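A look at the structure
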Amino acid sequence: MIISDPSVLIPEAATIDISEARWAAEYLSLMIEQLGPESSVSLVLMQARRELASLAKSPSATVIGPLRIAA
């Protein structure tokens, strides 16, 4: 079988709605509050919250592509 359009093999990039990113950042804040800032799990959640907050800076934008993960 010969594929004439190879772009069909590439999956579409995920789309993240800004309102979803804001909601997730707020929810992570609540979980961090419950766990306490000294918890090792809270440290991971804080990084995820920072990433989501950076995606949600624009009031009316739509983020296209995968989430960035900082090392």
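Since we're looking at a predicted model, the values are computed, not measured.

1. Structural notes on the overall build of the protein
Scanning the protein from N- to C-terminus turns up 2 helices and 2 strands. Tracing the protein from N to C terminus, the helices and strands come up as β-α-α-β. For the protein, the residues scored as buried account for 24% of the 71 residues in total. Put simply, of all contacts in the protein between residues at least 6 apart along the chain, 53% involve residues at least 24 apart. Carbon and sulfur atoms form 63% of the exposed surface of the protein, whose accessible area is close to 5700 Å².

2. Describing the packing of aromatic side chains
Under the defined criterion, the tally for this structure stands at 1 aromatic pair. On the numbers, 5.4 Å between centres and 15° between planes, the contact of W23 with Y27 is stacked. Of the two residues, W23 and Y27 are both situated in helix α1 (residues 18-35); the distance of 4 residues between them amounts to about one turn of the helix. Relative accessible area serves as the criterion here: at 44%, Y27 is assigned to the partly exposed category.

Reading the values: rules and limits
Residues numbered from 1 in each chain as written. Predicted model: local features only at pLDDT ≥ 70, side-chain atom pairs only at ≥ 80, totals over all residues. Heavy atoms only, no water. Helix = DSSP H or I, 4+ residues; strand = E, 2+ residues; numbered from the N terminus. Buried < 20%, exposed > 50% of the residue type's maximum accessible area, 1.4 Å probe, protein only. Contact = heavy atoms within 4.5 Å. Areas by Shrake-Rupley, 256 points an atom, 1.4 Å probe, with all protein chains shown as cover. Phe/Tyr/Trp six-rings, centres within 6.5 Å; stacked < 30°, edge-to-face > 60°.

The values are spatial; any link to function lies outside them.
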